Amino acid sequence: MSKINLENLTTERRNQETFGLDEMSVTQAVELMNREDQKVAEAVAKELGSIEPVIAHTIDSFKKGGRLIYMGAGTSGRLGVLDAAECVPTFGVEPEMVIGLIAGGEAAMTVAVEGAEDSFELGEEDLIHLNLTKNDMVIGIAASGRTPYVIGGLDYARSIGALTATISCNKNAEISKHADFPIEVDAGPEFLTGSTRLKSGTAQKLILNMISTISMIGIGKVFNNLMVDVKPTNEKLVERSKRIIMQATEVDYETAERYFNEAEQNVKLAIVMILTNSDKETAQDKLVEANGFVKGTL
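A quick note: this is a predicted structure, and the numbers were derived from the prediction, not measured.

Asker: Before we go on, may I ask you to explain the overall build of the protein chain in this structure?
Answerer: For the protein chain, the helix and strand inventory stands at 10 helices and 5 strands. Projected onto the principal axes, the alpha-carbon positions of the protein chain cover approximately 65 × 50 × 35 Å. Relative to its full complement of 298 residues, the protein chain shows a buried share of 49%. Here the protein chain displays about 15100 Å² of accessible surface, and carbon together with sulfur accounts for 49% of that area.

Set out below in structure tokens:
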């Protein structure tokens, strides 16, 4: 087996700021870790120009009926799965609209699956299993920027005409060569040498937040700065839903609750009913005509 050269990867370099980490007090370590973490947002800010087209094309994919598919291994894969899962309650989408793939499958969410991330074929197979189409957007996530599982998936996606993007935490990353829209964030060496669940993971989480949230805004899942397609799946979210209706329409709690129930707990529909003084059926028609955008109904 050939040797993997990690010497040139920022994510593998030792951080000179944290030498002697094991001899520091808790106070010293906490303050130093916080200073290192502050560098992450600054590093992401430098790459906004690379992030923007990924979001624009993801919105286009959604409008064509396509999906957003994340794929990664280890921490990178888990972050993709997490972001995908959170889209369901936050934006009221079906689980199939945003999908997170992790090398080794569900078992790898909690326990490392030996050899899974080193398989080019597994990345391709996972996308074939999803019946990938040219309307889908595939985003490969790899802190190191060299994960074979991700590269195998990207190459297959491109071969059928699907758009691809990558998120890596090293410059001149190998996976960038296999993507239409590469994002490379260099937040510097990790606080703990090679532990990419730290600064690299934070950078990836920030970018994934941007991609999913702003893409959902682009297809009408948000009114003003309110998540009007939230799914009220528990008591807290039921109360939040009523509060969103109040904030969007400036009605009192009792009115919001009444429309919430009349709309069968559909927050967006309740808002349109109030703002346009419409019954449920008319409000539904208005939303269809407006492609799901509340402002388009006004």
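Asker: It is not clear to me how the packing of helix H8 (residues 253-262) against helix H9 (residues 267-275) should be interpreted in this structure. Could you clarify?
Answerer: Two quantities define a packed helix pair, namely the angle between the helix axes and the distance between the axes. Close contact between H8 and H9 brings their axes to 8 Å; oriented N to C, the two are set at 115 degrees. Where H8 crosses over H9, the two elements pack in a sense that is right-handed. Along the contact surface, H8 presents Tyr259, Phe260 and Glu262, while H9 presents Val267, Ala270, Met273 and Ile274. Here the residues of the contact of H8 with H9 sort into 6 nonpolar, no polar and 1 charged.

Asker: So what exactly am I meant to see when it comes to the sheet that holds strand E3 (residues 137-142) here?
Answerer: Adjacent strands of a sheet pair through backbone hydrogen bonds, lying either parallel or antiparallel. With respect to topology, 5 strands assemble into an open sheet ordered E2-E1-E3-E4-E5, the strand pairing being parallel. Sheet topology places strand E2 (98-102) and strand E5 (181-184) at the edges, where each strand pairs with a single neighbour. Averaged over neighbouring strand pairs, the angle between their axes works out to 15 degrees when direction is ignored. Sheet analysis places strand E4 (residues 163-168) next to E5, joined by 4 bridges and oriented parallel. Bridging across to E5, Ser168 finds its partner in Glu184.

Asker: Can you help me understand the nonpolar core in this one?
Answerer: By size, the foremost hydrophobic cluster in this structure holds 34 residues, and its most contacted members are Tyr70, Val98, Ile139, Ile211 and Met216. Within the residue set of this core, elements represented by two or more residues are helix H1 (26-45), helix H2 (48-63), strand E1 (68-72), helix H3 (74-91), E3, E4 and helix H6 (199-217). Among residues more than four places away in sequence, those in contact with Met216 are Phe62, Cys87, Phe91, Val93, Met97, Val98, Lys221 and Val222. Tyr259, Val267, Ala270 and Met273 belong to the second largest nonpolar core, which has 24 residues in total.

Asker: Quick question: what am I supposed to make of the side chain of Thr18 here?
Answerer: Here Thr18 shows up in the segment before H1. Every residue in contact with Thr18, bar those within four places of it in the chain, is listed here: Met24, Leu32, Glu190 and Phe191.

Asker: I keep staring at helix H10 (residues 280-289) and nothing clicks. Help me out?
Answerer: Residues three or four positions apart in an α-helix share a direction because the helix packs 3.6 residues into each turn. All of the buried residues along H10 are Lys280, Ala283 and Leu287. Down the axis of H10, the buried side of the element spans an arc of 65 degrees, and every buried residue falls inside it. Of the exposed residues in H10, the ones pointing more than 90 degrees away from its buried face are Val288 and Glu289. Looking at the packing, one finds that the buried side of H10 touches H8 and H9. The positive-phi residue at the C-terminal boundary of H10 is Asn291, with phi of around 55 degrees.

Asker: Sorry if this is basic, but what is going on with H6 here?
Answerer: For H6, built from 19 residues, the straight-helix expectation of 27 Å at 1.5 Å per residue is met to within 8% by its first-to-last C-alpha distance of 27 Å. Listed as buried for H6 are Lys199, Ser200, Gly201, Ala203, Gln204, Ile207, Leu208, Ile211, Ser212, Ser215 and Met216.

Asker: Just to check I follow, could you spell out unusual backbone geometry for this structure?
Answerer: For residues that are not glycine, phi is negative in most cases, and the peptide bond is trans in most cases. If you check the backbone angles, Asn224 has positive phi at about 60 degrees while not being a glycine. On the secondary structure map, Asn224 appears in the loop between H6 and helix H7 (235-249). For Glu250, which is not a glycine, the phi torsion comes out positive at approximately 65 degrees. Checked against the element boundaries, Glu250 lands in the loop between H7 and H8. For Glu250, a relative accessible area of 74% translates into the label exposed.

Asker: Whenever I open this one, the environment of Leu127 confuses me. Can you help?
Answerer: Its location among the elements puts Leu127 in helix H4 (residues 120-129). Classification of Leu127 by relative accessible area gives buried; the value is 0%. With residues near it in sequence (within four places) discarded, Leu127 still touches Ile69, Met71, Leu101, Leu132, Val138, Gly153, Tyr156 and Ala157.

Asker: Could you clarify how one ought to interpret the pairing of E1 in this entry?
Answerer: Regular strands show a simple pattern: their side chains alternate between the two faces of the sheet. The buried count for E1 comes to 5 of 5 residues, which makes it a mostly enclosed element. Both faces of E1 are covered, namely the face carrying Leu68, Tyr70 and Gly72 and the face carrying Ile69 and Met71. Pairing of E1 with E2 involves 5 bridges; the strand directions are parallel. Its bridge partner lying in E2, Met71 is registered against Leu101.

Asker: Is there a simple way to think about the pattern of salt bridges in this case?
Answerer: Between side chains of opposite charge, a pair can form when the charged atoms approach closely. Counting across every chain of the model gives 12 salt bridges. As a salt-bridge pair, Lys221 and Asp229 come within 3.5 Å of each other at their nearest N and O atoms. Accessibility classification places Lys221 together with Asp229 in one group, the buried group.

Conventions we followed
Residues numbered from 1 in each chain as written. Predicted model: local features only at pLDDT ≥ 70, side-chain atom pairs only at ≥ 80, totals over all residues. Heavy atoms only, no water. Helix = DSSP H or I, 4+ residues; strand = E, 2+ residues; numbered from the N terminus. Buried < 20%, exposed > 50% of the residue type's maximum accessible area, 1.4 Å probe, protein only. Areas by Shrake-Rupley, 256 points an atom, 1.4 Å probe, with all protein chains shown as cover. Axes fitted to C-alpha atoms, helices over the stretch in contact; angles between N-to-C directions. Left-handed = near helix turned anticlockwise from the far one by under 90°. Contact = heavy atoms within 4.5 Å. Nonpolar A, V, L, I, M, F, W, Y, C, P; charged D, E, K, R; others polar. Pairing = 2+ DSSP bridges. Core = buried A, V, L, I, M, F, W, Y, C linked by side-chain atoms within 4.5 Å. Arc of directions from axis to C-beta. Expected span 1.5 Å × (residues − 1). Salt bridge = Lys/Arg side-chain N within 4 Å of Asp/Glu carboxyl O.

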